[in-house]
Amino acid sequence: MNVDKIMNNLEKKHPGEAEYLQAVREVLESIEEAYNENPQFESANIIERIIEPDRVLTFKVPWVDDEGNVKVNLGYRIQFNNAIGPYKGGLRFHPSVNLSILKFLGFEQIFKNALTTLPMGGGKGGSDFDPKGKSNAEVMRFCQSFMLELWKYIGPETDVPAGDIGVGGREIGFLYGMYKRLAGDHTGVLTGKGSNWGGSLIRPEATGYGGIYFAKEMLKTNNETFKGKTISISGFGNVAWGAALKATELGGKVVTISGPDGYVYDPEGISDKKIEYMLELRSSNEDIVKPYSFAFEGVEFHEGKCPWEVKVDIALPCATQNELTGDDAKKLIQNGVMLVAEISNMGCTPQAVEEFHKNKILFAPGKAVNAGGVATSGLEMTQNSMKLRWNSKEVDDRLHEIMCNIHEQCVKHGKREDGYVDYVKGANIAGFLKVANSMLDMGVI
Ligand code: 2IT
């Protein structure tokens, strides 16, 4: 495989799609060796077939705000690859959303979903709609208009969207209500549903919990645990909340959370009612963390800054892509960080990953670490198909088992001769082999 040549061609076809090109390059570079050992992949031209989505749907989403103004946003669904199951992946509502970001997320989702051991293909969608500062009624009208178009392309055996940044329980409810009305059936077409109407227990916590279960396995390889470790977390949404909850339960001390306005440093640790307060912050719909520093004593607020300058044992990016740079990585390493696990998708830049690898820091990528979210969506689909409901323990036990399994796959394919585990390589190879072999089985299609 000639990675540079493939990337040059891809760049010519999709100029300026920086995040998508970044995600593809990372995968190609890390699977190169495994790919070359299997000449059948080359003869089936698997690479060219896997790096382009099956289809890209874009549509217009007109809606009316509370003042009666007519607004128009862009809607997308990328159906990337369904070799191992129906397209599956979240919807992101954020002003930064564009084709490049959704293609990177959809591409990552293929391999992440393959790692979960469950039958799910890769997809992603969303809109440049900004839920921040909107009323409930505005969010509802937007979601209804979005689904009025999207419903034609999805289905419980075809494509099953879920939440991502800006899409939580409220949005899934509005989207599902519209789908149900249009399709006239009550099926598992979305995941992240309310627990009264087909949602799975533990789904809201699953991405954060799964990330901590994964990090626990990483620590175990160094005979370490969460007990007594200081932890910095970025973000304050659903993912950050679940991670803070589980990390604290395992004896860690979370000292930061962050938002677009800056980060808060709480030396006492963000535990108990402070974790609950994160939900209040989130529901205020303003996307700021500063109020945390007024709500509790002894807390510092650092305006416009990222939490990576704080000295910690463990750093967990939980907000968005490329949120931890090469310089941030250097600072963390200087301060003695032992483990960095991306709970956000592609949270670290390639320069940051290089620093962690160079310094043999335990580091694992989002597609392995945060796979617990979509894995639990898969478990929601299973429960919907079986028309029954598992209790929390049943779901949590399965989630835990899946995360341990993903960790094993990473070690199997990523362990170097010196014993250091390259989790990026491990995750990419394990995910790729499963999908590529499935594509080979089905012929050129
Ligand atoms: O990035 C992700 O894996 C998600 N946003 C969750 C996707 C899902 O289908 O639950």
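Read on for an overview of the structure. Note that the structure is a prediction, hence the values are computed from the model and not measured.

1. Regarding the site of the ligand
Near the ligand there are 14 residues, and of these Lys88, Lys112, Asp164, Arg203 and Ser377 occur at the shortest range. At a separation of 3.1 Å, an oxygen atom of the ligand approaches a polar side-chain atom of Gln109. Note that an oxygen atom of the ligand is positioned 2.7 Å from one of the side-chain N or O atoms of Lys112. Burial of the ligand by the surrounding chains reaches 94%, relative to a free accessible area of 290 Å². For the shell around the ligand, the elements supplying multiple residues, two or more each, are strand E3 (87–93), helix H5 (99–115), strand E5 (159–163) and helix H15 (371–386). In terms of residue class, the shell around the ligand is made up of two nonpolar, seven polar and five charged.

2. A word on the side chain of Thr207
On the secondary structure map, Thr207 appears in helix H8 (residues 203–220). Once residues within four sequence positions are removed from consideration, Thr207 is found in contact with Val239, Ile343, Asn370, Gly372 and Gly373.

3. As for the environment of Phe296
Note on placement: Phe296 falls in the loop between helix H11 (291–295) and strand E9 (300–303). On a C-alpha basis, the gap between Phe296 and Gln79 in space is 45 Å, while along the polypeptide they are 217 residues apart. Once residues lying within four places of it in the same chain are set aside, the contact partners of Phe296 are Lys273, Lys274 and Tyr277.

4. Section: the sheet that holds strand E4 (residues 122–127)
Ordered in space as E1-E2-E4-E3-E5, the five strands form an open sheet in which the pairing is mixed. Only two strands of the sheet have a single neighbouring strand rather than two, namely strand E1 (55–64) and E5. Ignoring which end each strand starts from, the neighbouring axes of this sheet average 20 degrees apart. Bridge analysis of E3 against E4 gives three bridges, and the strand direction is parallel. Residue pairing for E4: Arg92 is matched across the bridge by Gly126.

5. Section: the packing of aromatic side chains
As enumerated under the stated definition, the model contains 20 aromatic pairs in all. Here the aromatic rings of Phe41 and Phe432 are separated by 5.4 Å at their centres, their planes lie at 80 degrees, and the arrangement is edge-to-face. In this pair, Phe41 sits in helix H3 (residues 39–43) while Phe432 sits in helix H17 (residues 423–441), placing the two residues 391 residues apart along the sequence. The exposure class of Phe41 is buried, given its relative accessible area of 0%.

6. A short note on the pattern of salt bridges
Close approach of charged atoms allows side chains with opposite charge to pair. Summed over all chains, the structure comprises 26 salt bridges. Its salt-bridge partner being Arg77, residue Asp159 comes within 2.7 Å of it at the nearest N-O pair. Within this pair, whereas Asp159 is found in strand E5, its partner Arg77 is found in strand E2 (residues 70–81), the two being separated by 82 residues in sequence. On the basis of relative accessible area, Asp159 is assigned to the buried category, the value being 0%.

7. Focus on the packing of helix H9 (residues 238–249) against helix H10 (residues 273–283)
H10 packs onto H9 with a crossing angle of 175 degrees between their chain directions and a minimal axis gap of 10 Å. Relative to H10, the element H9 lies roughly antiparallel. Taken together, the residues of H10 that come into contact with H9 (itself represented by Ala240, Trp241, Ala244, Leu245 and Thr248) are Ile275, Met278 and Leu279. Taken together, the residues of the contact of H9 with H10 break down into seven nonpolar, one polar and no charged.

8. Re the nonpolar core
As a rule of thumb, nonpolar side chains are buried together in soluble globular proteins. Formed by 61 residues in total, the largest nonpolar core has its most connected members in Phe214, Ile233, Ile257 and Leu316. What Ile233 contacts, discounting residues up to four positions off in sequence, is Ala240, Ala243, Ala244, Val254, Thr256, Ile257, Ser258, Pro307, Leu316 and Cys318. With 40 residues, the next largest nonpolar core counts Leu21, Ala23, Ile31 and Ile50 among its residues.

9. What about the environment of Glu19?
Looking at the secondary structure, you find Glu19 in helix H2 (residues 18–36). Here the alpha-carbon distance between Glu19 and Glu268, two residues 249 residues apart in the chain, equals 37 Å.

10. Quick word on the sheet that holds strand E7 (residues 253–259)
Taken in spatial order, the seven strands make up an open sheet running E9-E8-E7-E6-E10-E11-E12, and their pairing is mixed. Looking at the sheet topology across the chains shown, the edges are occupied by E9 and strand E12 (362–364). The sheet shows a mean angle of 15 degrees between the axes of neighbouring strands, taken without regard to direction. Two strands pair when backbone bridges link them, and strand E6 (residues 230–233) and strand E10 (residues 314–316) are joined in this way by three bridges, in the parallel orientation. Bridging across to E10, Ser232 finds its partner in Ala315. On the sheet, H9 packs against E6 and E7 and is oriented at approximately 175 degrees with respect to E6.

11. With respect to unusual backbone geometry
Excluding glycine, most residues fall at negative phi; most peptide bonds, likewise, are trans. Here Asn45, not a glycine, exhibits a phi torsion of approximately 50 degrees, which is positive. A residue is classified by how much of its surface remains accessible, and Asn45, at 35% relative accessible area, is partly exposed. In this model, Asn322 sits at a positive phi of 50 degrees, which is unusual for a non-glycine residue. Structurally, Asn322 can be placed in the loop between E10 and helix H12 (326–334).

The rules behind each value
- Note on numbering: residues in each chain are counted from 1, in written sequence order.
- Predicted model: local features are reported for residues with pLDDT of at least 70 only, side-chain atom pairs are reported and counted for 80 or more only, and whole-chain, interface and lining totals are derived from all residues.
- Think of the side-chain values as coming from all heavy atoms in the structure, minus any hydrogens and water.
- If even one non-hydrogen atom of a residue comes within 4 Å of a molecule or strand, that residue is called near it.
- Contacts described as polar in this section are N or O atom pairs within 3.5 Å, which, within protein, must combine one atom able to donate a hydrogen with one able to accept it, while residues neighboring in sequence count only if both atoms come from side chains.
- Accessible surface area values rest on a Shrake-Rupley calculation with a 1.4 Å probe, where residue burial reflects the displayed protein chains alone.
- Each helix is a run of DSSP H or I of at least 4 residues and each strand a run of E of at least 2, with the numbering of both proceeding from the N terminus.
- Residues were grouped as follows: Ala, Val, Leu, Ile, Met, Phe, Trp, Tyr, Cys and Pro as nonpolar; Asp, Glu, Lys and Arg as charged; and all remaining residues, including Gly, as polar.
- Two residues form a contact once any of their heavy atoms are found within 4.5 Å.
- Strand pairing requires that DSSP identify at least two bridges connecting the strands.
- Helix axes are fitted to C-alpha atoms over the stretch in contact, other axes to C-alpha atoms as well, and angles between N-to-C directions run from 0 to 180 degrees.
- The rule is short: rings of Phe, Tyr and Trp, with Trp giving its six-membered ring, pair when the centres are within 6.5 Å, and they are stacked under 30 degrees, edge-to-face over 60, tilted in between.
- Think of it in three bands: residues with accessible area under 20% of the maximum for their type are buried, residues over 50% are exposed, and the middle band is partly exposed, with areas taken using a 1.4 Å probe on protein chains only.
- Here, a salt bridge means any Lys or Arg side-chain nitrogen found within 4 Å of an Asp or Glu carboxyl oxygen.
- In these notes the angle categories are as follows: under 35 degrees is roughly parallel, over 145 is roughly antiparallel, 65 to 115 is roughly perpendicular, and the rest is oblique.
- Put simply, a nonpolar core is a bunch of buried Ala, Val, Leu, Ile, Met, Phe, Trp, Tyr and Cys residues held in one set by side-chain atoms that sit within 4.5 Å of each other.

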